[in-house]
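# Report on the structure
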Amino acid sequence: MTSPQGFLGFWETTGSAKTFTHPLDPGLLAAHVPREARVLDYGCGYGRLTAELAGLGYRGVCGVDVSAALIARGRREHPELDLRHHPGLPLPFGAGSFDAALLFAVLTCVPRDVDQEAIAGELGRLVRPGGVLYVSDVPLQDDAFNQERYRRFADRYGTFGVFETPDGGVFRHHTPQRLRELVRAAGFSVVAERSGSVGTLDGRRAERLQLIGRRTAAPAAPAAPAAPAAERPEPGRSGPAPE
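Before going into details, it helps to say that this report is about the structure given with it. Model, not experiment: these values are computed from the prediction.

What counts as what
- Residues numbered from 1 in each chain as written.
- Predicted model: local features only at pLDDT ≥ 70, side-chain atom pairs only at ≥ 80, totals over all residues.
- Heavy atoms only, no water.
- Helix = DSSP H or I, 4+ residues; strand = E, 2+ residues; numbered from the N terminus.
- 1 Å grid on protein atoms, 1.4 Å probe; cavity = no way out; pocket = protein on both sides within 12 Å on 5 of 7 lines; lining within 4 Å.
- Points joined across faces, edges and corners; volume = space filled by probe spheres on them.
- Nonpolar A, V, L, I, M, F, W, Y, C, P; charged D, E, K, R; others polar.
- Core = buried A, V, L, I, M, F, W, Y, C linked by side-chain atoms within 4.5 Å.
- Buried < 20%, exposed > 50% of the residue type's maximum accessible area, 1.4 Å probe, protein only.
- Pairing = 2+ DSSP bridges.
- Axes fitted to C-alpha atoms, helices over the stretch in contact; angles between N-to-C directions.
- Contact = heavy atoms within 4.5 Å.
- Phe/Tyr/Trp six-rings, centres within 6.5 Å; stacked < 30°, edge-to-face > 60°.
- Lys NZ or Arg CZ within 6 Å of the ring centre and 35° of its normal.
- Lys, Arg positive; Asp, Glu negative; His and termini not counted.
- Salt bridge = Lys/Arg side-chain N within 4 Å of Asp/Glu carboxyl O.
- Polar contact = N/O pair within 3.5 Å; in protein donor to acceptor, adjacent residues only side chain to side chain.

Right, let's get into unusual backbone geometry. Residue P90 follows L89 across a cis peptide bond; omega there is 5 degrees. Phi is positive for A105, close to 50 degrees, though the residue is something other than glycine. Tracing the backbone through its elements, the reader meets A105 in the loop between β4 (98-104) and α5 (113-126).

Applying the stated rule across the entire model yields two cavities of 30 Å³ or more. Its volume calculated, the second largest cavity comes out at about 40 Å³. L103, L107, A120, L133, V135, L179, L182 and V183 are the residues that line the second largest cavity. Every element with two or more residues in the lining of the second largest cavity is listed here: β5 (127-137) and α7 (176-185). Partitioned by chemical class, the residues of the lining of the second largest cavity number eight nonpolar, no polar and no charged.

Its boundaries defined by the atoms lining it, the largest pocket holds a volume of some 490 Å³. If you trace the largest pocket, you find 32 residues lining it, with F163, F171, T200, L201 and D202 closest to the centre. Residue assignment for the lining of the largest pocket shows that the elements contributing at least two residues are α1 (9-12), α6 (144-157), β6 (162-164), β8 (188-199) and β9 (205-215). Looking at the lining of the largest pocket, the element that brings in the most residues is α6, giving six residues. Taken together, the residues of the lining of the largest pocket sort by class into 15 nonpolar, eight polar and nine charged.

A word on the nonpolar core. By size, the foremost hydrophobic cluster in this structure holds 27 residues, and its most contacted members are L40, Y42, F93, L103, L123 and L133. Secondary-structure elements contributing two or more residues to this core are β1 (38-42), β2 (60-65), β4, α5, β5, α7 and β9. Considering each element in turn, this core owes the most residues, four residues, to α5. Counting 17 residues, the second largest nonpolar core, distinct from the first, contains L24, A37, V39 and L102.

Across the sheet, which stays open at both edges, the seven strands sit in the order β3-β2-β1-β4-β5-β9-β8 with mixed pairing between neighbours. Where the open sheet ends on each side, the last strands, each with one partner, are β3 (83-85) and β8. Between one strand axis and the next, the sheet turns through 20 degrees on average, direction left out of account. As judged from the five bridges shared by β1 and β2, these two strands associate in the parallel manner. Across the sheet, L40 pairs through a bridge with C62, a residue of β2. Sheet strands in contact with helix α4 (residues 68-77) are β2 and β3, and its direction is about 155 degrees off that of β3. α7 rests against β5, β8 and β9 of the sheet, and its axis sits at about 25 degrees to β9.

To continue, consider the pairing of β8. The pairing of β8 with β9 spans 11 bridges and is classified as antiparallel. When the bridges of β9 are listed, V198 appears paired with A206.

A few words on the packing of aromatic side chains. Tallied over the entire structure, the rule returns 10 aromatic pairs. Ring centres of Y150 and F163 lie 6.2 Å apart, and the angle between their planes is 45 degrees; on these two criteria the pair is classed as tilted. Of this pair, Y150 sits in helix α6 while F163 sits in strand β6, and the two are 13 residues apart along the sequence. An identical accessibility class is assigned to Y150 and F163; each is buried. One cation-aromatic arrangement involves R73 over Y46; the distance from NZ or CZ to the ring centre is 3.6 Å.

In this section: the side chain of D41. Here D41 lies in strand β1. Despite its burial, D41 pairs with no opposite charge, the nearest such side chain being R48 at 8.0 Å. At 2.7 Å, the side chain of D41 forms a polar contact with the side chain of T50. Not counting residues within four places of it along the chain, the set of residues in contact with D41 comprises L49, T50, C62, G63, V64 and L102.

Here you go:
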């Protein structure tokens, strides 16, 4: 649930103890991703959704996060899962290694455009042609509470929608168009959208937007080269995760 660049301290300390609430939509997932798919859960945190995927019968699932503290928690709580700590990009998997990737409430934790674009582009590299990117995130909210904090922090961060929380987190809400553009720029065509209300880390409710993208083209900007083949762990393999 974290950015590969900056703003990481919160997720190594206070954020690593949070209970995540952004839910998976099993029906939407099943309509686009078969059980035998190789799935990357990027920004997996402590493996909450990775475990849910396994419980639904998805066996080739690998969870990755940039927070060492969250991955350590995940390994304690879900020792049976393949959870890996990778603090940067590119990830050590070959191009097209996965049939699908999940990006759940990750972009909301990544304030900077350049970091968001790097994540989306890397997932475009890792998902095979015809594969799926399933994004679920928080668009700009229109209630008074959120509008006030968007305005309060707009000058500090240079982006309307970025805000701080009292416990030290930095988050971002987006225009729906921004989320769609990230998906498309990574080489995916948006084939399904769904909205609804979800719980947030601070106990409030927020509207969310879910996007299903189908991989149809190469990412707009090429990602950095992957690690040599001999160094690449196989997605979905169980056992200790490399640091």
